[in-house]
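Here's the letter readout for the chains.
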Amino acid sequence: MGLFDFLKGNGKKVYGQEAEASEKIKEEIERDNPGITGLDVNYEDGVVSLSGEAASPEAMEKAVLMAGNVQGVGEVKVDNLKAPEQTAVVDYYTIEKGDSLSAIAKRFYGDANAYPRLVEANREVIKDANLIYPGQKIRIPKAEA
């Protein structure tokens, strides 16, 4: 599963009718705007297409995660979303049953107490460190040397 692929049946429920999906997903991204201007969202058959301009690579990644972690979304396309090139090393992780942020921090950083770094890197998709769910995809910034 790549960055732009998601588990369609999991995620936050933000729309009721498929006809309102584009508008509701756009509202969800804009509510915690990670740095996207001129955002446009198109939803069709489980695929979200984002367009606009991202202020940073992180803003683009966060918008993708915000859209992809919506229930009913299986893929996010960013062909028309302009963003600067990513220069930092960032991994992505799909949360599994039984995971906790401290366990994920231990796995990637070698320190369970580094979980606040995961929360900060994903604050748009993790509102409560105790409320993560299987299938949720998050950013894992590279451990600092």
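In the block above lies the structure referred to throughout.
Because the structure is predicted, anything quoted here is derived from the model rather than measured. (Residues numbered from 1 in each chain as written. Predicted model: local features only at pLDDT ≥ 70, side-chain atom pairs only at ≥ 80, totals over all residues. Heavy atoms only, no water.)

## Digging into the pairing of strand E3 (residues 75-82)
Relative to E3, strand E2 (residues 47-54) runs parallel, the two being bridged by six bridges. The partner of Val-47 across the bridge, within E3, is Glu-75. At this point the chain moves from E2, through helix H2 (residues 57-68), to the parallel E3, and the crossover so formed is right-handed. (Pairing = 2+ DSSP bridges. Helix = DSSP H or I, 4+ residues; strand = E, 2+ residues; numbered from the N terminus. Right-handed = clockwise from strand over helix to strand, strands pointing away.)

## What to know about the sheet that holds E2
Pairing within the open sheet is mixed, and its three strands lie in the order E1-E2-E3. This sheet does not close on itself; its edge strands, each paired only once, are strand E1 (36-44) and E3. Neighbouring strand axes in the sheet, compared pairwise and without regard to direction, differ in orientation by 20 degrees on average. This element, helix H1 (residues 21-31), spans E1 and E2 of the sheet and lies at about 145 degrees to E1. (Axes fitted to C-alpha atoms, helices over the stretch in contact; angles between N-to-C directions. Contact = heavy atoms within 4.5 Å.)

## Remarks on the pattern of salt bridges
On inspection of all chains with the given rule, the structure shows eight salt bridges. Residues Lys-127 and Asp-32 are paired through a salt bridge, measuring 2.3 Å at the closest nitrogen-oxygen approach. With a gap of 95 residues between them, Lys-127 in the loop between helix H4 (115-121) and strand E5 (137-141) and Asp-32 in the loop between H1 and E1 connect regions that are remote in the sequence. Accessibility expressed as a relative area gives 53% for Lys-127, which makes it exposed. Close ionic contact of Glu-120 with Arg-123 constitutes a salt bridge, the shortest N to O distance being 2.2 Å. Among the residues examined, Glu-120 registers a relative accessible area of 47% and is labelled partly exposed. Taking relative accessible area as the criterion, Arg-123 reaches 43% and is therefore assigned partly exposed. Bridged by salt links that share partners, the residues Lys-62, Glu-120, Arg-123 and Glu-124 form one connected network. (Salt bridge = Lys/Arg side-chain N within 4 Å of Asp/Glu carboxyl O. Buried < 20%, exposed > 50% of the residue type's maximum accessible area, 1.4 Å probe, protein only.)

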